[in-house]
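As a plain string of letters, each chain reads:
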Amino acid sequence: IVPGRLRRQECPGCPYIAAKDRYLKAPLGVATLDKILVDRSLPVPDILIVDECQGVEAKLLEQRAIQLPDWVDPGAGLVGQIALWQEDLEKEQATAEATLERKFIRHSTNLDSGDPKLNKLSGFVDEVEVLAAAKKLKGIERKLEKVVGILAAIEAGQEYVVTAKKQFKLISGRELFQKWVEVIPRVIMASGTPC
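These numbers were taken from a predicted model, which means no experiment stands behind them. (Residues numbered from 1 in each chain as written. Predicted model: local features only at pLDDT ≥ 70, side-chain atom pairs only at ≥ 80, totals over all residues. Heavy atoms only, no water.)

Attention shifts here to the overall build of the protein chain. Tallying secondary structure elements over the protein chain gives eight helices and five strands in all. Ordering the α and β elements of the protein chain from the N terminus gives α-α-α-β-α-β-α-α-α-β-β-α-β. Counting over 195 residues, the protein chain shows a buried share of 29%. A separation of at least 24 residues holds for 65% of the contacts in the protein chain among residues at least 6 apart in sequence. Summed over all atoms, the accessible surface of the protein chain reaches about 12900 Å², with 57% contributed by carbon and sulfur. (Helix = DSSP H or I, 4+ residues; strand = E, 2+ residues; numbered from the N terminus. Buried < 20%, exposed > 50% of the residue type's maximum accessible area, 1.4 Å probe, protein only. Contact = heavy atoms within 4.5 Å. Areas by Shrake-Rupley, 256 points an atom, 1.4 Å probe, with all protein chains shown as cover.)

Written out as structure tokens, the structure reads:
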């Protein structure tokens, strides 16, 4: 329930942090492809071995697929509309961060009186509220990351489609794959399935 940037100081014995620290210090680490694609805090590996690599393009394309808001008109200046969406999401993110921070601080300093009415009057914040605020922030951050990515893809001239249900999808994962692996010194693609 602790915000990511405060997790280490607030929960020094956190099993997740301990496991991640072991992973980061190990000479050899194993992680899922989803973890590697999503967790930006992981360092660039010296060697990346991708097993079952036939699914890489689908995973990369999934990373960029997103449902457009109802107000977006795909036939009228998509770049400008997505830039406005990005601004809105950045404002939402700032508000959600402040809300989570307030709830976390309040939760860490308040005492449960055992009386729901008294708790409400005193501004008591329970773990459920903190978790809900953290989940909301994470959702906004993921959406914002996708919006930034699709805006960059459109501006770079990548081919895409907007479905009848207003879902944005890139057609090819080639550029995404190139950008993903260009910073990794060695990449080994492994699969028993011919690709």
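On to the nonpolar core. Counting 27 residues, the largest nonpolar core has V56, I66, L68, I82, F168 and W180 as the members making the most contacts within it. Counting residues per element, the ones that place at least two in this core are helix 3 (33-38), strand 1 (47-50), helix 4 (56-64), helix 5 (78-109), helix 7 (127-155), strand 4 (167-170) and helix 8 (174-181). Sorting elements by how many residues they give to this core places helix 7 first, with six residues. Here F168 is in contact with R64, A65, I66, L68, I150, I154, Y160, V161 and V162, once residues within four sequence places are set aside. One finds A96, L100, F104 and V130 within the second-largest nonpolar core, a separate group that totals seven residues. (Core = buried A, V, L, I, M, F, W, Y, C linked by side-chain atoms within 4.5 Å.)

All right, on to the packing of helix 4 against helix 8 then. At a closest axis distance of 9 Å, the pairing of helix 4 and helix 8 adopts a crossing angle of 95 degrees. For the element pair helix 4 / helix 8, the angle class is roughly perpendicular. Where helix 4 abuts helix 8, its residues V56, E57, L60, L61 and R64 lie against R174, L176, F177 and W180. Within the contact of helix 4 with helix 8, the residues separate by chemical class into six nonpolar, no polar and three charged. (Axes fitted to C-alpha atoms, helices over the stretch in contact; angles between N-to-C directions. Parallel < 35°, antiparallel > 145°, perpendicular 65-115°, else oblique. Nonpolar A, V, L, I, M, F, W, Y, C, P; charged D, E, K, R; others polar.)

This brings us to the confidence of the model for the protein chain. Residues with a pLDDT of 70 or more make up 85% of the protein chain, whose mean pLDDT is 83. Averaged pLDDT values for the elements of the protein chain fall to 62 in helix 6 (residues 116-122) and rise to 93 in strand 4. (pLDDT = per-residue confidence, 0-100.)

The full count for this structure, using the stated rule, is two aromatic pairs. Consider the rings of F177 and W180, whose centres lie 6.0 Å apart with planes at 65 degrees: the pair is edge-to-face. Taken together, the positions of F177 and W180, both in helix 8 and three residues apart, correspond to about one turn of that helix. Looking at F177, the relative accessible area reads 26%, which means it is partly exposed. (Phe/Tyr/Trp six-rings, centres within 6.5 Å; stacked < 30°, edge-to-face > 60°.)

Moving on, we get to the environment of F104. Along the polypeptide, F104 turns up in helix 5. Accessibility expressed as a relative area gives 5% for F104, which makes it buried.

A few words now on unusual backbone geometry. Not every positive phi belongs to a glycine, and E52 is a case in point at roughly 50 degrees. For E52, a relative accessible area of 44% corresponds to the partly exposed category. Phi at K166 is positive, roughly 65 degrees, even though this residue is not glycine. Positionally, K166 belongs in the loop between strand 3 (160-162) and strand 4.

For the pair helix 4 and helix 7, interaxial distance at closest approach is 8 Å and the crossing angle is 105 degrees. Taken together, the axes of helix 4 and helix 7 lie roughly perpendicular to each other. Seen from helix 4, the contacting residues are E62, Q63 and R64; seen from helix 7, they are E145, K146, G149 and I150. In terms of residue class, the contact of helix 4 with helix 7 is built from one nonpolar, two polar and four charged.

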